[in-house]
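Architecture and fold: a report
Take a look at the letters that make up each chain.
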There are 2 protein chains.
Amino acid sequence: MKSICVFCGSSFGARDIYADAARDTGRVIAENGYRLVYGGAKVGLMGTVADAALAAGGEVVGVLPKALQNKEIGHEGLDELHLVGSMHERKALMADLSDSFIALPGGAGTLEEIFEVWTWGQLGYHQKPCGFLNIEGYYDHLIAFLDHQTGEQFTKKVMRDMVQIADTPEALIDLFKGYEPPSTPKWIKKDET
Amino acid sequence: MKSICVFCGSSFGARDIYADAARDTGRVIAENGYRLVYGGAKVGLMGTVADAALAAGGEVVGVLPKALQNKEIGHEGLDELHLVGSMHERKALMADLSDSFIALPGGAGTLEEIFEVWTWGQLGYHQKPCGFLNIEGYYDHLIAFLDHQTGEQFTKKVMRDMVQIADTPEALIDLFKGYEPPSTPKWIKKDET
Ligand SMILES: [Mg+2]
């Protein structure tokens, strides 16, 4: 594992614990020698995680759609900032550049990013771990839903088990290091995502 | 509103209530004169909703990636079956062909589909309603998470209120008919999804 992708909010949320967790995550990624891949913005938790990784001497790569660059906010201090044509190209390039995927607290965009990566894993496009950094139980209800989904047989247990959960970045990265992907059929290739 | 898109599982789940709900949904869509747009497969709840709409005399359009056609299973009795090059093209075309979006029970793919459509709504790409058909509380934990996400200020209340929830297809369609989209900035266009 060389690169870790972080999906997270472009806002800060209601409480300082979220920015604290984003700061920890960026720092831990950098201090352990991993490259951070993220959405390329300088705002909200996205900016915080990038700034923390840079401050700890880490390499940081951003992937930002051109359409959002003006409004959102490209981060100007990154090692690389890829400007892409669409939201889809962003997610596909982030997946390509990364060996694992962490969802920090975030909104709709964070959900669709982590669920798309998980879906791609189920379709055999990659064998990379993904998971939730569950800060102060932020994702508790969502995790309960994933378990219900599995109990009701809309998700196979082996696919549910792809999703790692921890409440510190250190613990989540440890889970990633021990991750054994299920053997999945290769239903889609890169240009079919 | 002319077309309703349904996202749902390609399996049947653990209980008959899910197929019953898929059957009701297809029938209600057709009987009320709406066109059904869906993922184009003949298996699981996807096949059930399409078959029920067809049996009730409705028009049904499927959108299936070529990569999945062999394995997954194109439905051969549809009015139109669009074969597309990628999972992304599938979602973009389904969004384009539809005026509203329903998530029936499903797995990872259903989650990422409905959350992507919701994200696109927040980015101003469309002003179409989306929502969950909450069969026997299937989505209760997920809805609790959306409310927590909103309370923690990672999702604005006006964006949370875009997501409609009902436990019958009739009630959900009524909510769609009364839907007033928030005024959102147009951050992305079609080729930027
Ligand atoms: Mg998606």
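Our subject in this report is the structure included herewith. Given the structure is predicted, the values throughout are model-derived calculations rather than measurements.

1. Some remarks on the sheet that holds strand β4 (residues 80-84) of chain A
Residue and element names in this part refer to chain A. The strand order across the open sheet formed by seven strands is β4-β3-β2-β1-β5-β6-β7, and the pairing between neighbours is parallel. On the outer flanks of this sheet lie β4 and β7 (163-166), each paired with one strand and no other. For this sheet the average axis-to-axis angle between neighbouring strands, irrespective of direction, equals 25°. Where helix α4 (residues 87-97) meets the sheet, it contacts β1 (3-7), β2 (35-38), β3 (60-65), β4 and β5 (101-103), and its direction lies at approximately 160° from that of β3.

2. Examining the pattern of salt bridges
Applying the stated criterion across every chain, the model contains 28 salt bridges over all chains. Note that Lys91 of chain A is salt-bridged to Glu116 of chain A, the shortest N-O span being 2.8 Å. Pair noted here: Lys91 of chain A is in helix α4 and Glu116 of chain A is in helix α5 (residues 108-122), with a separation of 25 residues, a long-range link. A salt bridge links Glu76 of chain B to Lys42 of chain B, with the shortest nitrogen-to-oxygen separation between them at 3.6 Å. Placement of the pair is Glu76 of chain B in the loop between α3 (66-73) and β4 (80-84) and Lys42 of chain B in the loop between β2 (35-38) and α2 (44-55), with a sequence separation of 34 residues. For Glu76 of chain B, a relative accessible area of 71% gives the class exposed. Through salt bridges with shared partners, one network takes in Lys91, Glu112 and Glu116 of chain A together with Lys91, Glu112 and Glu116 of chain B.

What counts and how
- Residues numbered from 1 in each chain as written.
- Chains lettered and ligands numbered in written order.
- Predicted model: local features only at pLDDT ≥ 70, side-chain atom pairs only at ≥ 80, totals over all residues.
- Heavy atoms only, no water.
- Pairing = 2+ DSSP bridges.
- Helix = DSSP H or I, 4+ residues; strand = E, 2+ residues; numbered from the N terminus.
- Axes fitted to C-alpha atoms, helices over the stretch in contact; angles between N-to-C directions.
- Contact = heavy atoms within 4.5 Å.
- Salt bridge = Lys/Arg side-chain N within 4 Å of Asp/Glu carboxyl O.
- Buried < 20%, exposed > 50% of the residue type's maximum accessible area, 1.4 Å probe, protein only.

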